[in-house]
Each structure stands twice: as C-alpha cells, then as structure tokens.
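One letter stands for each residue in the lines below.
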Amino acid sequence: MATRIRYGARTPEQLRNREVEATSVGTWATSLVAIYETDPALVAAVLPPPLVASVPEHVRVTIARVDIRDLPPFGAGTFAVGAGHDGITGDYALTMPMSTEQSVIGGRETFGEPKKIAGVRLDLDGELAVGTRLTGSFARLGVTYVEIDGRLVEALPLPADRVRTSFYLKFQPAPDGKGFDDDPGLVHVQRREKTRALFRVDGEVILRESRFDPVADLPVRRLVGIEIAERSSVQTGAIVRRLPQEDVIPFAHQRYDNLSPVGEE
C-alpha cells in the first residue's frame, strides 16, 4: 500500500490558491470602523510614491471579528490612511494586525498586505442593538496601542452594495540584505461589500505610544465618525505596475518591527 507523503509534490488538480479562494467567498464579519482626520503633512509622509494623499486626510481604523465556516472567529484589523492613485481613491494600510497565523501569511504573500500577528479584540456587552456598549483594540508586544470604546446609539439605513479600493506594496527583501528580489509591485485590491446591519457609535479613538506600531504619530485631530456593521466582502486584486526599488526601500520598514539583534535602534 502506497504511503501518501504530504510534503511531496502535488498534482495540477491538487494545486489551489487558498488565499484567493478564501477572499473570493462572501465571509461575514462584525466590523467596527472609525474614521478621523489628522494633519495632512503626516499622511503625506507615510505614503510611498506614486500614491498621494486623499483630501481630506482621513485615517481609517477597522477592528473586526470574522466568521469563517466551521472555524472559530478570528480578529482582523486595519490602520490605513486615505490615498489615491491614477484617479482612484482608496486607502493605504500602514499595519493590519491579525489574530491568527493563517490570516497573516496568505494576505502578505498574495496581496502584499502589511499583516502582523497581534491581539485583535472586539467585545460587545450584548447584541447589535441601540444601547449596547463595545470595546475594540489592537495589542502587540505588551502594548494596547489602539482602543475604541463606545455605545451603539442609532440604527442606520443600509447602504447600497459598494466597492472599496486598497493599495498595497508587494515585495520580498533580497537574501543579501540589499534591496528586494525584484522591483516591487503596486497592488490594487477591490473589495465588493454587502451590509446587513449598520449602527452609529458614540465613542472615542485612543492611540497609545508603541515602539513597534507607532500609529500614535498620526493623532486624532477630528473624529469624523464611528460605525459598526455586519458586512461581507469579496476581494480581488492585481499588480497594476512595477515600482522603482529606490522609491519603496525608504518605506519598507513599515512592514517590520524595529528589532535589532545587535542592540541598536
């Protein structure tokens, strides 16, 4: 009887891109979204060319609990700034904390999403209903660096289905420590979203200092609003152009923690 070696080569029929499959299914999530304005110069400073800041200079913070088939829910987050490219308005994520390894690896390797393992929590003291209190947070390496506290105060009309665009950089550092393996790709990702519940939240966004996740460098100047929704999305993406390495190298550190084995900052 032949033994199946699971690390062995797979047949063409067995080869599947699990990340593309997972993001092509309309998975439902409970998503807390806060949008705030910060200083225009700060947004411009974190955007690699050819991305430009959108107007006004919004920051979008998303804290979600994602339900996927029969698996336990996992936490997913995004801290992104408004950006534009070639006349398309979207956002550029500085960090995307995720609570599981599986949700990190596929997104980083397939789409170039800047994902990191983190504690991502979204806790409600009841159902999605007016009066329910909630807390959402990101925590890494001993610091809870983002927290949103609030209360559901109003049920909102359901929006029409929509498409949101996000911009990512896809690259791999070269093994000799000099630049990248190849010119980075600028990825456009479209998320086709459906909403089945939506509430306005009265609350606040708290940013705390973190050496490894310095989101506090983009302070809240004006809170535009906070909402919580039950939402599904189908994600597709493509590399729209290659970028010069010299344009991206100054921003590559956004994806990595500032840890040095030789004890230097």
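Scroll up to find the structure.
Sequence order as written defines the numbering, with residues in each chain counted from 1. Predicted model: local features are reported for residues with pLDDT of at least 70 only, side-chain atom pairs are reported and counted for 80 or more only, and whole-chain, interface and lining totals are derived from all residues. To obtain the side-chain values, all non-hydrogen atoms of the structure were used and water was disregarded.

Looking at the overall build of the protein chain
Logical step 1: Within the protein chain one finds 4 helices and 12 strands.
Logical step 2: On C-alpha atoms alone, the protein chain measures out to a radius of gyration of 19 Å, which is about the 18 Å that the 2.2 N^0.38 rule sets for 265 residues.
Logical step 3: Considering only C-alpha atoms, the protein chain reaches an extent of 60 × 55 × 40 Å along its principal axes.
Logical step 4: Exposure is judged per residue with a 1.4 Å probe applied to protein chains only, and the accessible area is read against the type maximum: over 50% gives exposed, under 20% gives buried, and values in between give partly exposed. Within the protein chain, the proportion of its 265 residues that are buried is 44%.
Logical step 5: Contacts are residue-level and defined by heavy atoms, with any inter-residue pair within 4.5 Å sufficient. Long-range pairs, those at least 24 residues apart, make up 68% of the contacts in the protein chain between residues at least 6 apart in sequence.
Logical step 6: Accessible areas in this description were obtained via Shrake-Rupley with a 1.4 Å probe; residue shielding takes into account the shown protein chains only. A total of about 14300 Å² of accessible surface is found on the protein chain, and carbon and sulfur atoms cover 52% of it.
Logical step 7: Each charge class in the protein chain can be summarised by its mean position, and for the 32 positive and 37 negative side chains these summaries are 5 Å apart. Every helix listed is a DSSP run of H or I at least four residues long, and every strand listed is a run of E at least two residues long, numbered separately from the N terminus. Based on C-alpha atoms, the radius of gyration is set beside the globule rule, defined as 2.2 Å times the residue count to the power 0.38. In summary, the charge assignment counts Lys and Arg as positive and Asp and Glu as negative, without counting His or the chain termini. Here the site of a charge means NZ on Lys, CZ on Arg, CG on Asp, or CD on Glu.

A short note on helix α3 (residues 101-111)
Logical step 1: Of the positions making up α3, those classed as buried are Ser103, Val104, Gly106, Gly107 and Phe111.
Logical step 2: At the C-terminal side of α3, Gly112 shows a positive phi close to 80°.

Focus: the nonpolar core
In globular proteins that are soluble, nonpolar side chains generally tend to be buried together.
Logical step 1: Buried Ala, Val, Leu, Ile, Met, Phe, Trp, Tyr and Cys residues form a nonpolar core when they are joined through side-chain atoms within 4.5 Å. Leu32, Val61, Phe79, Val81, Tyr92, Ile148 and Ile228 are the most contacted members of the largest nonpolar core, which totals 42 residues.
Logical step 2: Among the elements that make up this core, the one with the highest residue count is strand β11 (residues 185-207) (6 residues).
Logical step 3: Setting aside residues up to four positions removed in sequence, Val81 forms contacts with Val43, Val46, Leu47, His58, Val59, Gly90, Asp91, Tyr92, Leu94 and Leu218.
Logical step 4: Ala64, Val66, Ala76 and Ala80 belong to the second largest nonpolar core, which has 15 residues in total.

Some remarks on the pairing of β11
Logical step 1: When DSSP finds two or more bridges between a pair of strands, those strands are recorded as paired. Across 9 bridges, strand β9 (residues 143-155) lies against β11 in antiparallel orientation. If you follow Glu154 over to β11, its bridge partner there is Arg200.
Logical step 2: Bridge count between strand β10 (residues 162-170) and β11: 9 bridges; the pairing is antiparallel. Following the sheet pairing, Tyr168 is matched in β11 by Val187.
Logical step 3: As defined by bridge partners, β11 adjoins strand β12 (residues 222-242) across 16 bridges and the pair is classed as antiparallel. Among the inter-strand pairings, Thr195 is bridged to a residue of β12, identified as Arg231.

Details of the pattern of salt bridges
Logical step 1: Any carboxyl oxygen of Asp or Glu that lies within 4 Å of a side-chain nitrogen of Lys or Arg is treated as forming a salt bridge with it. Summed over all chains, the structure comprises 16 salt bridges.
Logical step 2: Between Asp91 and Arg164 there is a salt bridge whose closest N-O contact spans 3.2 Å. Within this pair, whereas Asp91 is found in strand β5 (residues 88-98), its partner Arg164 is found in strand β10, the two being separated by 73 residues in sequence. In this pair, the class of Asp91 matches that of Arg164, namely buried.
Logical step 3: Of the charged contacts, one joins Arg162 and Glu193 as a salt bridge, the two residues approaching to 2.8 Å between their closest N and O atoms. Separated by 31 residues along the polypeptide, Arg162 in strand β10 and Glu193 in strand β11 bring together distant segments of the chain.
Logical step 4: Overall, Glu193 belongs to the buried group, its relative accessible area being 6%.
Logical step 5: A single salt-bridge network, built from bridges that share partners, covers Asp91, Arg162, Arg164 and Glu193.

Some remarks on a negative patch on the surface
Logical step 1: What makes a patch is a set of residues exposed beyond 30% relative accessible area and free of salt bridges, joined within 9 Å when like-charged and within 5 Å when nonpolar (Val, Leu, Ile, Met, Phe, Trp, Tyr). Side chains of Asp176, Asp181, Asp182, Asp183 and Glu246 sit close together on the surface and give a patch of like negative charge.
Logical step 2: By the element assignment, Asp181 lies in the loop between β10 and β11.

Considering the pairing of β12
Logical step 1: For strand β1 (residues 27-37) and β12, the ladder comprises 11 bridges, and the chain directions are antiparallel. In the sheet register, Trp28 faces β12, and the bridge partner there is Ser232.

A closer look at the side chain of Glu193
Logical step 1: Polar contacts here mean pairs of N or O atoms no more than 3.5 Å apart (in protein, one a potential hydrogen donor and the other a potential acceptor; neighbouring residues in sequence count only if both atoms are side-chain atoms). Separated by 2.8 Å, the side chains of Glu193 and Arg162 make a polar contact.
Logical step 2: Engagement of the side chain of Glu193 in a polar contact is seen with the side chain of Arg164, the distance being 2.9 Å.
Logical step 3: Ignoring anything within four residues of it in the chain, the contact list for Glu193 reads Asp161, Arg162, Arg164, Arg231, Ser232 and Ser233.

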